[in-house]
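Here is how the chains run, residue by residue.
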Amino acid sequence: MRAKLNGHICGNSEQIQIINEEKNFTPHLSAQIERWGLRDAGFSYNIVAVFGSQSTGKSTLLNGLFGTTFDVMDETKRQQTTKGIWMCRGKDMSVLVMDVEGTDGRERGEDQDFERKSALFSLASSEVLIINLWEHQVGLYQGANMGLLKTVFEVNLGLFGKKAQEGPQSRTLLLFVIRDHIGVTPLANLQATLTADLVRIWDSLTKPSGLAQAQLSDYFDLSFTALPHKILETQKFDNEVARLRERFADKTIQDYLFKDVYHKRIPADGVAVYMENIWQQVQDNKDLDLPTQQELLAQFRCDEIASTALSEFNAQAKSQKRPVEAGKVVPGLGELMKNWRDQALAHYDHDASRYHNGVYTRKRLDLCATITSTLSPLFFGQLKNLHKLCLATFKASLQSSLSPGTRDNDFAEAIGRAKRECEESFVTVAQEVCIEEKEWTWEEELLLLREEMGAVAEIFRKDETKKVVNLVEKHFKQQISEPVELQLNKGSQDMWDNVLGTFKQLLDRAESSYLGKTKTFNCTEEENSSSLATIRRRAWQALRSKIDEQTTDAVMLSKLRVHFEERFRYDEQSIPRVWKPDDDIDGAYKQAKEQTLALIPLYAKIAPHDP
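Rules used throughout
Residues numbered from 1 in each chain as written. Predicted model: local features only at pLDDT ≥ 70, side-chain atom pairs only at ≥ 80, totals over all residues. Heavy atoms only, no water. Helix = DSSP H or I, 4+ residues; strand = E, 2+ residues; numbered from the N terminus. Buried < 20%, exposed > 50% of the residue type's maximum accessible area, 1.4 Å probe, protein only. Contact = heavy atoms within 4.5 Å. Areas by Shrake-Rupley, 256 points an atom, 1.4 Å probe, with all protein chains shown as cover. Pairing = 2+ DSSP bridges. Axes fitted to C-alpha atoms, helices over the stretch in contact; angles between N-to-C directions. Expected span 1.5 Å × (residues − 1). Arc of directions from axis to C-beta. Phe/Tyr/Trp six-rings, centres within 6.5 Å; stacked < 30°, edge-to-face > 60°. Salt bridge = Lys/Arg side-chain N within 4 Å of Asp/Glu carboxyl O. Left-handed = near helix turned anticlockwise from the far one by under 90°. Nonpolar A, V, L, I, M, F, W, Y, C, P; charged D, E, K, R; others polar. Core = buried A, V, L, I, M, F, W, Y, C linked by side-chain atoms within 4.5 Å. Right-handed = clockwise from strand over helix to strand, strands pointing away.

Tell me about the overall build of the chain, residues and numbers included.
Of regular secondary structure, the chain possesses 16 helices and seven strands. With 611 residues in all, the chain has 46% of them scored as buried. A sequence separation of at least 24 residues applies to 73% of the contacts in the chain between residues at least 6 apart. Approximately 31,200 Å² of the chain is accessible, and the part contributed by carbon and sulfur atoms is 50%.

Any chance you could break down the sheet that holds strand 6 (residues 172–179) for me, citing the residues and the numbers?
In space, the seven strands of this open sheet follow the order 1-3-4-2-5-6-7, with mixed pairing throughout. Single-partner strands in this sheet number two, and they are strand 1 (15–19) and strand 7 (220–226). Strand-to-strand twist in this sheet, taken as the mean axis angle between neighbours without regard to direction, amounts to 25°. Looking at chain direction, strand 2 (residues 46–52) and strand 4 (residues 95–100) are connected through five bridges and run parallel. Bridging from a neighbouring strand, N46 pairs with V95 of strand 4.

Before we move on, can you summarise helix 3 (residues 113–125) with the specific residues and values?
Here helix 3 is 13 residues long and its end C-alpha atoms lie 18 Å apart, about the 18 Å a rise of 1.5 Å per residue gives. Where burial is concerned, most of helix 3 is hidden: eleven out of the 13 residues are buried. Of all the positions in helix 3, only F114, E115, K117, S118, A119, L120, F121, S122, L123, A124 and S125 are classed as buried.

Requested: an account of helix 6 (residues 234–249), with residues and values cited.
With 16 residues, helix 6 should reach 22 Å at 1.5 Å per residue; the first-to-last C-alpha distance of 22 Å fits that figure. Burial in helix 6 covers these residues: F237, V241, L244, R247 and F248. Buried residues of helix 6 fall within an arc of 105° about the axis and therefore sit on the same side.

Residue-level account of the packing of aromatic side chains, with values.
Applying the stated criterion across every chain, the model contains 14 aromatic pairs. Relative to F121, the ring of F25 has its centre 6.4 Å away and its plane inclined at 65°; by these criteria the two rings are edge-to-face. Taken together, the positions of F25 in the loop between strand 1 and helix 1 (29–35) and F121 in helix 3 put the pair 96 residues apart, joining distant regions of the chain. Just as F25 is buried, F121 falls in that class too. Taking 5.7 Å as the distance between ring centres and 85° as the angle between the ring planes, the aromatic pair formed by F121 and W279 counts as edge-to-face. Remark: W279 occurs in helix 7 (residues 271–283) and F121 occurs in helix 3; sequence separation between them is 158 residues. The exposure class assigned to F121 is buried, which follows from its relative accessible area of 0%. The class of W279 is buried, set by a relative accessible area of 2%. Put simply, the rings of F66, F248, Y256 and F258 pair up and form one aromatic cluster.

Requested: an account of the pattern of salt bridges, with residues and values cited.
One side chain can pair with another of opposite charge once the charged atoms of both are near each other. The full count for this structure, using the stated rule, is 24 salt bridges. In this structure, D342 engages R341 in a salt bridge whose closest nitrogen and oxygen atoms are separated by 3.4 Å. The class of R341 is buried, set by a relative accessible area of 13%. A salt bridge links E473 to K477, with the shortest nitrogen-to-oxygen separation between them at 3.3 Å. Of the two residues, E473 and K477 both sit in helix 12 (residues 443–490), four residues apart, roughly one turn of that helix. Judged by its relative accessible area of 19%, E473 falls in the buried class. Where salt bridges share partners, they join D269, R301 and E304 into one cluster.

Before we move on, can you summarise the packing of helix 3 against helix 7 with the specific residues and values?
The N-to-C vectors of helix 3 and helix 7 enclose an angle of 145°; their axes lie 10 Å apart at closest approach. Helix 7 is crossed by helix 3, and the crossing has right-handed handedness. When helix 3 is examined against helix 7, the residues F114, K117, S118, L120, F121, A124 and S125 are found in contact with a partner set consisting of Y274, M275, I278, W279, V282 and Q283. In terms of residue class, the contact of helix 3 with helix 7 is made up of nine nonpolar, three polar and one charged.

How would you sum up the environment of F460? Please name residues and give values.
Mapped onto the elements, F460 comes out in helix 12. Since its relative accessible area comes to 14%, F460 is described here as buried. Spatially, the C-alpha atom of F460 lies 9.3 Å from that of L402, the residues being 58 residues apart in sequence. Beyond its immediate chain neighbours, meaning those up to four positions away, F460 contacts K395, L398, Q399, L402 and F411.

Can you explain the nonpolar core? Please cite residues and give values.
F121, F153 and M337 are the most contacted members of the largest nonpolar core, which has 135 residues in total. Here this core takes 14 residues from helix 10 (residues 357–402), the largest share from any one element. Within the second largest apolar cluster, 26 residues are counted, among which are L65, M93, Y256 and Y262.

Break down the pairing of strand 7 for me, with residues and values.
Along a regular strand, successive side chains alternate from one face of the sheet to the other. Strand 7 sits mainly inside the fold: five of its seven residues count as buried. Pairing between strand 6 and strand 7: seven bridges, direction parallel. Looking at the pairing, T172 lines up with F220 of strand 7. Traced from strand 6 through helix 5 (residues 187–204) to strand 7, the parallel crossover comes out right-handed.

Hey, could you go over unusual backbone geometry for me, with residue numbers and the actual values?
Non-glycine residue D92 carries a positive phi angle of around 60°. Phi is positive for R265, which is not a glycine, with a value near 60°. Its location among the elements puts R265 in the loop between helix 6 and helix 7.

Given below as structure tokens:
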């Protein structure tokens, strides 16, 4: 006898009780399907169930057909062996085989509730229902389980009726296996009897509105086969079972039983959840709307799959989140993000595309939106960091171009070249990081970068203009110093005319120098006027400063002394005097003194003869 613990695998038989005698569904089916190696089978698997009267050899039949190891009845005791519903994987077959507790068993007595629920569960889960019955039960209402089949038919209209109205629906194959067939009554006659009984039951059903004309063949395909007596004709029985097994295993033969139309289109990784939900609905006596159940399963599994894909995606994205937040421009970030997104969607598509298309598509859109919301901060962060980097590069490029020793004579060309290089760098990286998301654009950030580069260029231009003004001023001071000093040392009557003439010449030269140096600065007329006014003011200040420097008391005393000595010690031909006893020293002294004192009014104010 097998262990009765729901969900526990018995020894090495690799079978699991999915619903126990207390009608509880196992929590271990998903793990067992994975151990059977079918979790990732997608739709490449099949489900078959058997039901019929108790002790009719259902487990024996399944073991012979699918190589399973279900417990079989002890012939000497004739007592119930299978309790609840058990499942096993077919040997060398991607088939999940369900062994259902027999009907009309004495252990259940009058309690027909489990019979009905197990029949509903089997119908909702299986592609092929094997109805196991003895030859002598054909034509008997209870013996052939016709009452139970009536329930199955009624429920089937509830399960698939709505869907039938909407379009093509999943069908189920009812395979009648007639046991202990001795051959007196041909199989064709037995088939006709069973078919007539089934049609009669179908016609007697009260059908939902809109399905009054529905036929049995709209929902079920019927197939019939007979097996000889297992004990009396053992070899023949085994041969017929082997032939029937081929109909389940060999897809190439014409009478292959697992046709695509019978598949419930539940991916293998969702079978456990789907069956559990179906059983819960059956237990709660709720209407079984299988299309709705399939959608609910799809929502559950698609959410699970999306969550797993998103978890892997988030782990990858997290690795670059910190560098971007730290202000770094991550090389190849766009390719990384594209790979993360594609891997997550590929994972989702691989596992979820087998489920309800509407749910799959809707959840995929949700996943895409979540991925985009995660990648958006990285994208926009990369753009901000790129903006800052390009702006810093632009400043550095200008400073390098305009620094002493490497000064670019064409300021406008230096600005234009630096702008082009930075914009090209920005566009290259921005295009790489933009992974075809409609709401992701980098053009606006480029416009902001251009504005800031323009502002920086304006600051540089103004600074460079100031530098030119200062440089012109410096050169002016250097050039004005010596001529002014020479003229003031001469002390001639045209001294101020000469000083101012030199000033005007140097000022004109300074203004021309400024205009030449700032030719490529694109200065406005107003800016040029302001700068030229500054140069004139500073030039005049420089002249006055030099004059003031040369007319201080100490310097003037020195000049007057030198002037006096030159007049007293030298004659009109600038020849040194050689004094003789009869020379008029006092007269010479007085003349030199008067000439020297006459210079004081000349130095007292700037008074050119030709203003």
